[in-house]
Amino acid sequence: MAHTPVNHPARPIYRAIGGLVGLYFVVFGVLGLIASAGNDFFAQDDTKVLGQGTNLGFSLISIVIGIAVLAGTAIGRNLDVAINQFLAYALMVLGLAALAFLQTDANVLNFSILTVIVVLTLSLVLLMVGMYGKVGTDEEKEAWQKARLVL
């Protein structure tokens, strides 16, 4: 039994939101590459992009995440759902780990508190997009509707 809606009427809106999140990660990563050019890969300095702390390593990670989200959004066919949900959980782990090591030498991605807030917020948005973006057959939709009505 599916626990997420199938063929949600607002699916195109959720896909667009997922695409915007992917685009944000790509833009942030490219700006981070420009701002941290010439620095060490895991530099812990005052490099900021869009108010968030970053370094070359996190900028590259952001670009990869953004491209993965954009590719999943472009392909669709529930691949976007799987990518968005996986990356949402991975970003939650990354954000919480960065929060734990924020004021230590283990802050290798040069996170600031604003970076943690943005990463955790975008992870929740990706999770929401992944939960409401599933496409299925009419039988799957009907089964989900029946299961939803039986509480």
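Before going into details, it helps to say that this report is about the structure given with it. (Residues numbered from 1 in each chain as written. Predicted model: local features only at pLDDT ≥ 70, side-chain atom pairs only at ≥ 80, totals over all residues. Heavy atoms only, no water.)

Considerations on a nonpolar patch on the surface
Put simply, the rule is: What goes into a patch is any residue over 30% in relative accessible area without a salt bridge, connected to like charges within 9 Å or, for nonpolar side chains (Val, Leu, Ile, Met, Phe, Trp, Tyr), within 5 Å. The method behind every accessible area is Shrake-Rupley, applied with a 1.4 Å probe, and residues are considered shielded solely by the protein chains displayed. Salt bridge, as used here, is a side-chain nitrogen of Lys or Arg placed within 4 Å of a carboxyl oxygen of Asp or Glu. In DSSP terms, a helix is any run of H or I states spanning at least four residues, a strand is any run of E spanning at least two, and both are numbered starting from the N terminus.
A contiguous nonpolar patch, built from L20, L23, V27, V30, L31, I34, L50 and L70 and spanning about 690 Å² of accessible area, is present on the exposed surface. Counting residues per element, the nonpolar patch draws most heavily on helix α1 (residues 11–35), at 6 residues. Residue placement: V27 occurs in helix α1.

A closer look at the side chain of T54
The criterion, for reference: Definition of a polar contact: a pair of N or O atoms within 3.5 Å, with one able to donate and the other able to accept a hydrogen when the atoms are protein atoms, and with sequence-neighbouring residues admitted only if both atoms are side-chain atoms. Two residues form a contact once any of their heavy atoms are found within 4.5 Å.
Mapped onto the elements of the fold, T54 is located in the loop between β2 (52–53) and α2 (56–75). Reaching out from T54, the side chain makes a polar contact with the side chain of S59 at a distance of 3.2 Å. Once residues lying within four places of it in the same chain are set aside, the contact partners of T54 are F28, G32, D45, T47, V49, S59, L109 and N110.

Section: unusual backbone geometry
Spelled out, the test is: Burial classification: accessible surface area is computed with a 1.4 Å probe over protein chains only, and a residue below 20% of its type maximum counts as buried, one above 50% as exposed, and the rest as partly exposed.
Look at L50: it is not a glycine, yet its phi comes out positive at around 55°. Tracing the chain through its elements places L50 in the loop between β1 (48–49) and β2. Positive phi, normally seen in glycine, also occurs at N78, with a value near 70°. Relative to the helices and strands, N78 is located in the loop between α2 and α3 (79–100). By relative accessible area, which is 25% here, N78 ends up partly exposed.

Quick word on the packing of aromatic side chains
Under the convention used in this document: Centres within 6.5 Å make a pair out of two Phe, Tyr or Trp rings, where for Trp the six-membered ring is used; the pair is then stacked when the planes are under 30 degrees apart, edge-to-face when over 60, and tilted otherwise.
Using the criterion set out here, one finds 6 aromatic pairs in the structure. Ring centres 5.3 Å apart and planes at 20° place the aromatic pair Y14 and Y132 in the stacked group. Of this pair, Y14 sits in helix α1 while Y132 sits in helix α4 (residues 113–132), and the two are 118 residues apart along the sequence. Measuring from centroid to centroid gives 6.2 Å for Y24 and F28, while their planes differ by 15°, and the two rings are stacked. Taken together, the residues Y24 and F28, both in helix α1 and 4 residues apart, mark about one turn of the helix. For Y24, a relative accessible area of 27% translates into the label partly exposed.

Quick look at the nonpolar core
Going by this rule: Remark: nonpolar core denotes a set of buried residues (Ala, Val, Leu, Ile, Met, Phe, Trp, Tyr, Cys) joined through side-chain atoms within 4.5 Å.
Within the largest apolar cluster, 20 residues are counted, with the highest numbers of intra-cluster contacts made by F25, F58, I65, L91, F111 and L126. Going through the elements one at a time, α1, α2, α3 and α4 are the ones with two or more residues in this core. The greatest single-element share of this core, amounting to 6 residues, is contributed by α4.

Side note on the pattern of salt bridges
The full count for this structure, using the stated rule, is 2 salt bridges. Among the salt bridges present, the one from R11 reaches D80, with a minimum N-O distance of 3.3 Å. Taken together, the residues span a long stretch of sequence, with R11 in helix α1 and D80 in helix α3 at a distance of 69 residues. Assessed through its relative accessible area of 4%, D80 is described here as buried.

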